[in-house]
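Architecture at a glance
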Amino acid sequence: MLKHSNRRQFLKATSWGSAAALGGGFGFLSNLPPVSADDAVLDRSLVQFGDQIEPLVRLIEDTPRDNLLEQVAARIHRGTSYPEVLAALLLAGVRNVQPYPAVGFKFHAVLCINSCHLASLHGPDEDRWLPIFWAIDHFKSSQADEVERGGWRMPSVNESLVPTAEHARAQFVDAMDRWDLELADVATTGLVRTASATDVFNLFAGYAARDFRSIGHKAIYLANAWRTLQVIGWEYAEPVFRSLSAAMLNHEGDPNPAESDLDADRPWREHVELVNNIPAAWLDTGDSYASGVELVATLRSGSASDAARKAVDMLAAGANAQSIWDGVFLGAGEVLMRQPGIVGLHGLTTANAVHYLWQNAQDESLRKQLLLQACSFDALFREAAANRGELRMLTLDDIVPAEETSTGPEAIEAILADISGQPMQAAGKLLAYLYAGGDAHEFLDAARLLVFLKGNDAHDYKFASAVLEDFEHVSPEVRALFMATAAFQLNGSGARDNGLVERTRAALGG
């Protein structure tokens, strides 16, 4: 984090001092009347939550958007904890926003919750609530969208069909393999009620990245939901995993993938056999930096199959898994350089999610398959970007360190100012700053503050949280280069403050 004096000067120089003001206490809200939904009648056809959290969930669901942040702030002032607010927000999302037929769009109200939590976790104390309040407000937008589309809400489970512990696992695997939505719902319920949390995660990890539909959102959902549950508690897992299983079975109008051979499913199926060619020492040999750059050359033009086979060849020749991940992250960053926007940023957020699944999966064959799928996804994201529009003729080699060698706050100010309109120049300045020994975490903290103040979209939080976290996931030799690619998507200091900042100023200063 910025040293105290430097950070104060930095905030003042860039007109961000408002962040500290926004983080003031909520004492002015103490006179607001308490809000409780305990005496209201709950629709028993809907999935229900425990008595302790249900009133807070219903407060988020039922309070109009233009008054919700003040009502939540009043609850916090009276003692409601951060994990309780986070839990209620996630549960409101899964009960009110349908995860299919497309895992994205309005469903970002759920997908971005962990990203907002990570931003909050790493932010300065005085700004800690801003990302969570942003996510609460964003939920109300998605909830309204869902109402306009027909008003879906998660129903209660059919208890008569929930399998016993003896049969839950087999029924879940069968439902997912056959892409059977109704069977998966009850099987997931039985599984979550009877299996360990670790077993549930590992079973889901085998399906989260198996296809390239929804541009990575299935893997993103599992990684983010699992991580949020680590904070709020496993007792809230059942509705979350019911929503997850439905999201993973989305096939976007395609015929049943279990009965078809479709492009979106083919790489994962190819990898089942390909993993057998990965050597036993795949985790702990090789030169990460050199091998990672070598993989990027294939990712630049090769197919999904080419990318996976190149990774296997590299591992067989003595590279290690870290070198492959270096290539995946750098390759995704290069696609973003060539076409900033929705496809490129999802290449990086998906790499982050699949890497998280890879880190936490227990089965070695599954881990190998996830690694190869990450390579194939890079190639598929490049193809998807090309289908969307022209890819600029840029490579990582085109990021040239600027001549400036300052490592002080003024260098960070200049980088973030250039991000708003001259991302290539910003990338060069960031590369020079890091090569000269600039404190990477001071830059990360400053970039994160800009998301708090300038972020207007769920993707701003998703991208920033993923790429700032992945700075630690690439080898030290390529961290500066990887982070330089983020300049093509991060929020710049020239952008306007978001609506939430203005609303919060009004609320706290009223």
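With respect to empty space enclosed by the protein
A complete count under the given rule lists 7 cavities of 30 Å³ or more for this structure. Volume-wise, the largest cavity comes out at about 90 Å³. Looking at the lining of the largest cavity, the elements that each hand over two or more residues are helix H7 (113-122), helix H12 (217-232), helix H18 (342-360) and helix H23 (458-470). Among the elements that take part in the lining of the largest cavity, H23 stands out by supplying 4 residues, more than any other. Of the residues assigned to the lining of the largest cavity, the class counts are 4 nonpolar, 6 polar and 3 charged.

Examining the nonpolar core
For soluble globular proteins, the rule of thumb is that nonpolar side chains tend to be buried together. Ranked by size, the top nonpolar core spans 169 residues in total, and within it Leu 222, Phe 241 and Phe 443 carry the most contacts. Here the element with the most residues in this core is helix H19 (residues 364-388); it accounts for 11 residues. Sequence-distant contacts of Phe 241, that is, excluding residues within four places in its chain, are made with Thr 188, Val 192, Val 200, Phe 204, Leu 222, Trp 226, Leu 229 and Trp 234.

A few points about the layout of surface pockets
Its volume calculated, the largest pocket comes out at about 390 Å³. Lining the largest pocket are 18 residues, with Asp 177, Gly 206, Tyr 207, Trp 268 and Leu 366 sitting closest to its centre. Counting residues per element, the lining of the largest pocket draws most heavily on helix H11 (residues 197-208), which supplies 6 residues. Residue composition of the lining of the largest pocket, grouped by class: 6 nonpolar, 5 polar and 7 charged.

Some points on the pattern of salt bridges
Under the definition given, this model contains 24 salt bridges. Glu 159 serves as the salt-bridge partner of Arg 193, at 2.8 Å between the closest nitrogen and oxygen. Of this pair, Arg 193 sits in helix H10 (residues 181-194) while Glu 159 sits in the loop between helix H8 (130-148) and helix H9 (165-177), placing them 34 residues apart in sequence. According to the relative accessible area criterion, Arg 193 is partly exposed, its value standing at 40%. By sharing partners, the salt bridges in this structure join Asp 211, Arg 213, Lys 218, Asp 254 and Asp 265 into a single network.

With respect to the state of the cysteines
Joining two cysteines, a disulfide is a covalent bond between their sulfur atoms. One pass over the full model with this rule turns up 0 disulfides. In this structure Cys 116 is not part of a disulfide, and its nearest cysteine sulfur, from Cys 112, lies 4.2 Å away. The exposure class assigned to Cys 116 is buried, which follows from its relative accessible area of 0%.

Concerning the packing of aromatic side chains
Inspection of the entire model under this criterion finds 16 aromatic pairs. Judged by centre distance (4.9 Å) and plane angle (70 degrees), the rings of Phe 107 and Tyr 221 are edge-to-face. Note that Phe 107 is positioned in the loop between helix H5 (82-96) and helix H6 (108-111) and Tyr 221 in helix H12, a separation of 114 residues in sequence. With respect to burial, Phe 107 and Tyr 221 carry one shared label: buried. One aromatic cluster is present, built from ring pairs that chain together Phe 172, Phe 201, Phe 204, Tyr 207, Trp 226, Trp 234 and Phe 241. In this structure, Arg 367 is placed above the aromatic ring of Trp 358, and the distance from its NZ or CZ to the ring centre is 4.3 Å. Sitting over the face of the ring of Phe 471, Arg 479 holds its NZ or CZ atom 5.8 Å from the ring centroid.

Examining the packing of H5 against H8
Relative to each other, H5 and H8 sit at 15 degrees, their axes nearing to 10 Å. In terms of orientation, H5 and H8 fall into the roughly parallel class. Read as a crossing pair, H5 and H8 show a hand that is left-handed. Between H5, through Tyr 82, Val 85, Leu 86, Leu 89, Ala 92, Gly 93 and Asn 96, and H8, the contact on the second element is made entirely by Ile 132, Ala 135, Ile 136, Phe 139, Gln 143 and Glu 146. Tallied by class, residues from the contact of H5 with H8 come to 9 nonpolar, 3 polar and 1 charged.

Overview of the environment of Gln 52
In this structure, Gln 52 sits in the loop between helix H2 (18-22) and helix H3 (54-62). What makes Gln 52 exposed here is its relative accessible area of 67%. Expressed as a C-alpha distance, the spacing of Gln 52 and Glu 84, which sit 32 residues apart in the sequence, is 9.3 Å.

Examining the packing of H9 against H10
In the contact formed by H9 and H10, the axes pass within 8 Å of each other and the chain directions differ by 140 degrees. Classed by the angle they form, the pair H9 and H10 counts as oblique. The element H9 and its partner H10 pack so that their crossing is left-handed. Where H9 approaches H10, its residues Ala 165, Ala 168, Arg 169, Gln 171, Phe 172, Asp 174, Ala 175 and Met 176 are matched on the opposing element by Leu 183, Ala 184, Val 186, Ala 187, Thr 188, Gly 190, Leu 191 and Thr 194. A breakdown of the residues in the contact of H9 with H10 according to their chemical character gives 10 nonpolar, 4 polar and 2 charged.

Thresholds applied
- Residues numbered from 1 in each chain as written.
- Predicted model: local features only at pLDDT ≥ 70, side-chain atom pairs only at ≥ 80, totals over all residues.
- Heavy atoms only, no water.
- 1 Å grid on protein atoms, 1.4 Å probe; cavity = no way out; pocket = protein on both sides within 12 Å on 5 of 7 lines; lining within 4 Å.
- Points joined across faces, edges and corners; volume = space filled by probe spheres on them.
- Helix = DSSP H or I, 4+ residues; strand = E, 2+ residues; numbered from the N terminus.
- Nonpolar A, V, L, I, M, F, W, Y, C, P; charged D, E, K, R; others polar.
- Core = buried A, V, L, I, M, F, W, Y, C linked by side-chain atoms within 4.5 Å.
- Buried < 20%, exposed > 50% of the residue type's maximum accessible area, 1.4 Å probe, protein only.
- Contact = heavy atoms within 4.5 Å.
- Salt bridge = Lys/Arg side-chain N within 4 Å of Asp/Glu carboxyl O.
- Disulfide = S-S within 2.5 Å.
- Phe/Tyr/Trp six-rings, centres within 6.5 Å; stacked < 30°, edge-to-face > 60°.
- Lys NZ or Arg CZ within 6 Å of the ring centre and 35° of its normal.
- Axes fitted to C-alpha atoms, helices over the stretch in contact; angles between N-to-C directions.
- Parallel < 35°, antiparallel > 145°, perpendicular 65-115°, else oblique.
- Left-handed = near helix turned anticlockwise from the far one by under 90°.

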